[in-house]
Every structure is written in C-alpha cells, then in structure tokens.
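Analysis of the macromolecular model
Each chain, letter by letter, is given below.
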Amino acid sequence: MEVILNEVTNTVHRQETGRPERRAACGSTFHISHDKLRVVSEAEPGGEAATTTKCGRCFEDGGGY
C-alpha cells in the first residue's frame, strides 16, 4: 500500500481516495506544501515508511495526531 510521508513530522498517513493530490485521509496534510509530502510504499522492508510514526487518525495502530 502506498502512504503519504510528511517529511516535516516524519509521519505517514493514508492517502485520501479519489483525489490525485497528495492529501491524507485525516486531513492533517491539507496545509502542508506538496514539496514536503511524498508517496512511499508502506510494505517496502527497511523503507522510509518503516522508520516513521503512523498517524493515529489514519491507522488504528498509530500514535500522535
């Protein structure tokens, strides 16, 4: 699954479905510039998403936000 990485907070979010922009389902990335957000693979072993915090509003096992 692809997730959105907020490089400012080092937090990953679920991508809002049906939108081409990089927007989190929880809405917390609405005010963040697109150059601070990247789409990364959550399943990639040892990838960037593995070393971040998951958004508590986007993921049941997450913390923060």
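Everything discussed here concerns the structure shown above.
Residues numbered from 1 in each chain as written. Predicted model: local features only at pLDDT ≥ 70, side-chain atom pairs only at ≥ 80, totals over all residues. Heavy atoms only, no water.

1. As for the overall build of the protein
Scanning the protein from N- to C-terminus turns up 0 helices and 4 strands. Of all 65 residues assigned to the protein, the portion counted as buried reaches 32%. Within the protein, counting contacts between residues at least 6 apart in sequence, those at least 24 apart form 50% of the total. Looking at the protein as shown, the accessible area adds up to about 4000 Å², and 48% of this sits on carbon and sulfur atoms. (Helix = DSSP H or I, 4+ residues; strand = E, 2+ residues; numbered from the N terminus. Buried < 20%, exposed > 50% of the residue type's maximum accessible area, 1.4 Å probe, protein only. Contact = heavy atoms within 4.5 Å. Areas by Shrake-Rupley, 256 points an atom, 1.4 Å probe, with all protein chains shown as cover.)

2. A look at the sheet that holds strand β1 (residues 2–6)
Within the open sheet, the 4 strands sit side by side as β3-β1-β2-β4. Their pairing is mixed. Either end of the sheet is taken by a strand with one partner, and the two such strands are β3 (37–41) and β4 (53–54). For β1 and strand β2 (residues 11–14), the ladder comprises 4 bridges, and the chain directions are antiparallel. Within β2, the residue paired with Ile4 across the bridge is His13. (Pairing = 2+ DSSP bridges.)

3. Section: the nonpolar core
If you look at the biggest cluster of nonpolar residues, it comprises 9 residues: Val3, Leu5, Val12, Ala24, Cys26, Val40, Cys55, Cys58 and Phe59. Residues contacting Cys58, with those up to four places away along its chain left out, are His13, Arg14, Ala25 and Cys26. (Core = buried A, V, L, I, M, F, W, Y, C linked by side-chain atoms within 4.5 Å.)

4. Focus on the environment of Glu7
Structurally, Glu7 is set in the loop between β1 and β2. Among the residues examined, Glu7 registers a relative accessible area of 37% and is labelled partly exposed. Sequence-wise, Glu7 and Ile32 are 25 residues apart; in three dimensions their C-alpha atoms are separated by 9.8 Å. For Glu7, the residues in contact, after removing those within four places along its chain, are Asp35, Lys36 and Arg38. Within the local environment of Glu7, its side chain forms a polar contact with the side chain of Arg38, the two groups lying 2.3 Å apart. (Polar contact = N/O pair within 3.5 Å; in protein donor to acceptor, adjacent residues only side chain to side chain.)

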